[in-house]
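Observations on the three-dimensional arrangement
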Amino acid sequence: MQNSNYLYNSNILEVKNLNVWYRAFQALKEISLSIPRHHVIACIGPSGCGKSTFLRCFNRMNDLIPGTRISGQVLLDGQDIYNSGVDPTEIRTHIGMVFQKPNPFPKSIFDNVAFGLRINGFKGNIKEAVESSLRRAALWDEVKDRLNKSALTLSGGQQQRLCIARAIAIQPAVILMDEPCSALDPVATLKIEDLIAILKEEYTIVIVTHNIQQAARVSDYTAFFTMADDRSGILVEFGKTNEIFSNPKDKRTEDYITGRFG
Amino acid sequence: MIDTFHEKLEELKKDVIDMGNLVSNNVEDAINSILTGNPELARKVIKDDDKIDDYNAMIEEKCMYILALYQPVARDLRLIQSINIIVIYLERIGDISVNIAKLTIRLYEKDKKQLDKDILEIIIEMSNIVRSILDKALKAFSKEDSRLALKLDQMDSSITDLQKALYQKMYKTSVYHSEDYIKLVTNISLLSRYLERIGDNSVNIGDRVLYYLTGDFRHIHSDV
Ligand SMILES: Nc1ncnc2c1ncn2[C@@H]1O[C@H](COP(=O)(O)OP(=O)(O)OP(=O)(O)O)[C@@H](O)[C@H]1O
Ligand SMILES: [Mg+2]
């Protein structure tokens, strides 16, 4: 079997010597790290250090930005997603994304979740698939009686869970989340955090957050990024979250998480 | 930049240093009270221990508020956690000083008893070492000096040797068998036990300082 060794590889994603440029500006420099399957990985670091850029490398969203250039490798189950034969839209069915501001389509709650299934040519029972996704996103009980109402009638926290339901409907292996709670109140935030803990049983989650307590609460591993002197983003430290938050190895990490940064 | 959080941490550290100085003074006074047979000084030790207890409660309360309001991490978290435990050791050392002070009162309230010169010398030697360990542990904390904290264990080992020598002296001289002498000897062996405990607690403080400074849990597991 061609891919037999990836089954034994506990890392679902591997980043090797990744560099990203926006025209002449290098936004990420020589990033290497491995992301273990069914874990939550938090990316933290000061504004502008390249966290969102890093996240967008995993589903080739940077390809959509003119002037972007990438070198290095991003391996999904051992296969480089930047290989010339790879179709970026195919990648996005394996790697879903949830954004900072909930961005449901101006359609019904049902259609928001069904949309991804339909365009991916889903052959099964759509109703069941929508229900199961809404259940897994811990939203079902709140919306089951109003599935045909517009998604825009939901609260911000509900909209965000709807976007999570939409992302998981197509059964991705990885879910990327870019500051998913920054527009939510503490209760809605806690719901998303609880949801993340449940989702990691089935998915691998990479989350960018500015709230370092949230990173500490939800993640198993933490990656700390910062800016080098030329303002390009570098990875300072990657390790188990409980170690990063009790005994970081690098002084820059410590200064940042203890609020001594800048 | 105004940084109330780190100002509060500095303030907390100063409280621990102040508490440490009170404890150190009380250890010194307690030992002096028994060596010079001064019940007056012993009573002052007992009275001053209340201040130490107050510091303990006040510091614990401040730690709670800092944890609740700022959720410190990394070095800051290790500092709070270590302080919480260091003040328990300090409070215990305070209590041991009170016990020594009570020995003084028991032995010297009515009349003066003469301690054998050899025994006295060993006690003085033990006291000096124990006080030095405590003061070095406190200094390691205030100066954030892990090299100093690492030395304490070694110093503590000489206490055991001195204790053995002390017991031998006491067995030799107890041929007199008078009731008074047996009472004296019993109290002196208690005193040596108290001094040893002060040494142990001080070494523990040093271990917490090491954990705070290095983040290495091995320092707080016993006998590494
Ligand atoms: N489309 C783009 N074109 C040019 N430069 C960009 C583009 N997107 C991001 N950058 C630059 O790349 C660097 C990294 O940006 P990125 O958005 O990845 O940072 P971030 O860590 O996510 O910041 P924040 O925490 O503020 O969201 C910044 O200097 C930013 O200005
Ligand atoms: Mg960003």
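Just so it is clear, the structure is predicted and the values come from calculations on it, not from any experiment. (Residues numbered from 1 in each chain as written. Chains lettered and ligands numbered in written order. Predicted model: local features only at pLDDT ≥ 70, side-chain atom pairs only at ≥ 80, totals over all residues. Heavy atoms only, no water.)

1. Let's talk about the overall build of chain A
- The helix and strand tally for chain A stands at 11 helices and 10 strands.
- For 262 residues, the compact-globule estimate of 2.2 N^0.38 gives 18 Å, and chain A sits close to it at 18 Å.
- Its C-alpha atoms give chain A principal-axis dimensions of roughly 55 × 45 × 35 Å.
- Within chain A, buried positions represent 53% of all 262 residues.
- Excluding contacts between residues fewer than 6 apart, the proportion of contacts in chain A whose partners are at least 24 apart in sequence is 68%.
- Total accessible area computed for chain A in this model is approximately 12,100 Å², and 51% of it derives from carbon and sulfur atoms.
- For chain A, the distance from the average site of its 30 positive side-chain charges to the average site of its 28 negative ones is 4 Å. (Helix = DSSP H or I, 4+ residues; strand = E, 2+ residues; numbered from the N terminus. Rg over C-alpha atoms; globule rule 2.2 N^0.38 Å. Buried < 20%, exposed > 50% of the residue type's maximum accessible area, 1.4 Å probe, protein only. Contact = heavy atoms within 4.5 Å. Areas by Shrake-Rupley, 256 points an atom, 1.4 Å probe, with all protein chains shown as cover. Lys, Arg positive; Asp, Glu negative; His and termini not counted. Charge placed at Lys NZ, Arg CZ, Asp CG, Glu CD.)

2. Considerations on the pairing of strand β3 (residues 40-44) of chain A
All names here are of chain A.
- With five of its five residues buried, β3 lies for the most part within the structure.
- With burial as the criterion, each face of β3 is covered, one bearing V40, A42 and I44 and the other bearing I41 and C43.
- As defined by bridge partners, β3 adjoins strand β8 (residues 204-208) across four bridges and the pair is classed as parallel. Note that in β8 the partner of I41 across the bridge is V206.
- Pairing between β3 and strand β9 (residues 221-227): four bridges, direction parallel. Pairing of I44 across the sheet is with F224, part of β9. (Pairing = 2+ DSSP bridges.)

3. Let's talk about the interface of chain A and chain B
- Across the contact, 11 residues belong to chain A and 14 residues belong to chain B.
- When chain A packs against chain B, the two sides together hide about 950 Å² of surface, and 47% of this comes from carbon and sulfur.
- Joining chain A to chain B, the criterion identifies one salt bridge.
- B:D76 is the salt-bridge partner of A:R260, the closest N and O atoms lying 2.9 Å from each other. (Buried area = accessible area lost by both parts, 1.4 Å probe. Salt bridge = Lys/Arg side-chain N within 4 Å of Asp/Glu carboxyl O.)

4. A word on the packing of aromatic side chains
All names here are of chain A.
- The full count for this structure, using the stated rule, is seven aromatic pairs over all chains.
- Between the aromatic rings of Y221 and F238, the centroid separation amounts to 5.8 Å while the plane-to-plane angle is 20°, which identifies the pairing as stacked. Of this pair, Y221 sits in strand β9 while F238 is found in strand β10 (residues 233-240), placing the two residues 17 residues apart along the sequence.
- Relative accessible area serves as the criterion here: at 29%, F238 is assigned to the partly exposed category. (Phe/Tyr/Trp six-rings, centres within 6.5 Å; stacked < 30°, edge-to-face > 60°.)

5. Comments concerning unusual backbone geometry
Residues and elements named next belong to chain A.
- Not every positive phi belongs to a glycine, and D77 is a case in point at roughly 50°.
- The topology assignment puts D77 in the loop between β4 (68-76) and β5 (79-80).
- In this model, E179 sits at a positive phi of 45°, which is unusual for a non-glycine residue.
- Owing to a relative accessible area of 14%, E179 belongs among the buried residues under this scheme.

6. Some details on the pattern of salt bridges
- Per the counting criterion, the structure on display carries 27 salt bridges over all chains.
- A salt bridge links A:K144 to A:D141, with the shortest nitrogen-to-oxygen separation between them at 3.5 Å.
- Relative accessible area serves as the criterion here: at 58%, A:D141 is assigned to the exposed category.
- For B:D18, the salt bridge goes to B:K14, with nearest N and O atoms at 3.1 Å. Here the residue B:D18 and the residue B:K14 both occupy positions in helix α1 (residues 4-36), the gap between them amounting to four residues, near one helical turn.
- The exposure class assigned to B:D18 is partly exposed, which follows from its relative accessible area of 23%.

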